[in-house]
Amino acid sequence: SQKIEQNSEALNIQEGKTATLTCNYTNYSPAYLQWYRQDPGRGPVFLLLIRENEKEKRKERLKVTFDTTLKQSLFHITASQPADSATYLCALYSSASKIIFGSGTRLSIRP
Amino acid sequence: NAGVMQNPRHLVRRRGQEARLRCSPMKGHSHVYWYRQLPEEGLKFMVYLQKENIIDESGMPKERFSAEFPKEGPSILRIQQVVRGDSAAYFCASSQPGPSTDTQYFGPGTRLTVL
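The structure displayed is predicted, hence computed values, not measured ones.

Here the focus is the environment of Ile 79 of chain B. Residues and elements named next belong to chain B. In this structure, Ile 79 sits in strand β8 (residues 75-79). Relative accessible area serves as the criterion here: at 0%, Ile 79 is assigned to the buried category. Here the alpha-carbon distance between Ile 79 and Val 12, two residues 67 residues apart in the chain, equals 13 Å. For Ile 79, the contacting residues outside a window of four places in its chain are Gln 17, Glu 18, Ala 19, Arg 64, Phe 65, Asp 86, Tyr 90 and Leu 112.

Right, here's the structure in full:
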C-alpha cells in the first residue's frame, strides 16, 4: 500500500544550526512533492514544491531535495531560529489533484 | 485579499446531532478540498470538489458524511448523527483552476468536539 513516513519523533535543534527533516515514501511515483508548515491550532502553510525532474529547490533559508531513486525528500532549514519551531508536513501529489500528507515532524529550535 | 475562511472555528455537538462546517475558498479559486486531522496525526484527505461537482470522495466515510460546493455560496461538509470518533480538526483548502493546481491554501480549521 502507499505510504509516506516522516520522523515521528520531535527534532530538537540548537539555534543557528541546520535542521534536516526526512520524508520517505513507498509505492508512489509522485509527479511532485510539497512541504508545509503547521503551527498549533492553525492550518498548514505551503512552503516549497519540488518536481520529480528537480534535484533541489531553495527558498531563502529553506532547501528541499528530492531523490526519486531513494524515494526520499530532505527538508533543510539553515541558520535555524526559535521562530522556525513548528510541525513540518511532507505531501505527495497522488492523483486527480489529491494530495497525501505525512504525519509531520515537530521541530523545536532552542535559543 | 482574504484567505480561505472557515466557520465556525469551534463547534460542539452532542452525540446524534448534525454538524455543518463551512468553507469559503480564496477569491478566484474553484477547487475545494476537505481534510480531517486527529491530534498528533497528519491530515487525512476526505473529499475534493469543484463547483457543483464532487471529483474525488474516496477519503470520506460512506455513511453520515456528505459534502457539497454549490454554484453560489460556501462549500459545506455535513456530518449527520455525530459520534465521539468524529471529534477532530477539519481543514478546508482551496486551489486555482488550470495547470497551477499544485498549491493548496488552507483555512484555519474547524475544531469539532462531540460530547
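The discussion continues.
Another aspect to go through is the state of the cysteines. In total, this model carries two disulfides over all chains according to the counting rule given. The disulfide bridge from Cys 23 of chain A ends at Cys 90 of chain A, spanning 1.9 Å between sulfur atoms. Disulfide Cys 23 of chain A to Cys 90 of chain A: torsion about the S-S bond roughly -55 degrees, handedness left-handed. Of this pair, Cys 23 of chain A sits in strand β3 (residues 19-26) while Cys 90 of chain A sits in strand β9 (residues 86-95); the two residues are 67 residues apart in sequence, bridging distant segments of the chain. Note on accessibility: Cys 23 of chain A and Cys 90 of chain A belong to one class, buried. Paired by a disulfide, Cys 23 of chain B and Cys 92 of chain B hold their sulfur atoms 1.7 Å apart. Disulfide Cys 23 of chain B-Cys 92 of chain B: the torsion about the S-S bond is -45 degrees, which places it as left-handed. Of this pair, Cys 23 of chain B sits in strand β3 (residues 19-24) while Cys 92 of chain B sits in strand β9 (residues 88-95), and the two are 69 residues apart along the sequence.

Let us look at the side chain of His 31 of chain B. Mapping His 31 of chain B onto the fold places it in strand β4 (residues 31-37). When its relative accessible area of 6% is taken as the criterion, His 31 of chain B is described as buried.

A word on the sheet that holds strand β7 (residues 65-68) of chain B. All names here are of chain B. Read across the sheet, four strands follow the order β1-β3-β8-β7 without closing on themselves; strand pairing throughout is antiparallel. Strands with a single pairing partner mark the edges of an open sheet, and in this sheet they are β1 (5-7) and β7. Each adjacent strand pair in this sheet contributes to an overall mean axis angle of 15 degrees, direction not counted. Relative to β8, β7 is paired through four bridges, and the arrangement is antiparallel. Along β8, the bridge assignment pairs Glu 68 with Ile 76.

The rules behind each value
- Residues numbered from 1 in each chain as written.
- Chains lettered and ligands numbered in written order.
- Predicted model: local features only at pLDDT ≥ 70, side-chain atom pairs only at ≥ 80, totals over all residues.
- Heavy atoms only, no water.
- Helix = DSSP H or I, 4+ residues; strand = E, 2+ residues; numbered from the N terminus.
- Buried < 20%, exposed > 50% of the residue type's maximum accessible area, 1.4 Å probe, protein only.
- Contact = heavy atoms within 4.5 Å.
- Disulfide = S-S within 2.5 Å.
- Pairing = 2+ DSSP bridges.
- Axes fitted to C-alpha atoms, helices over the stretch in contact; angles between N-to-C directions.

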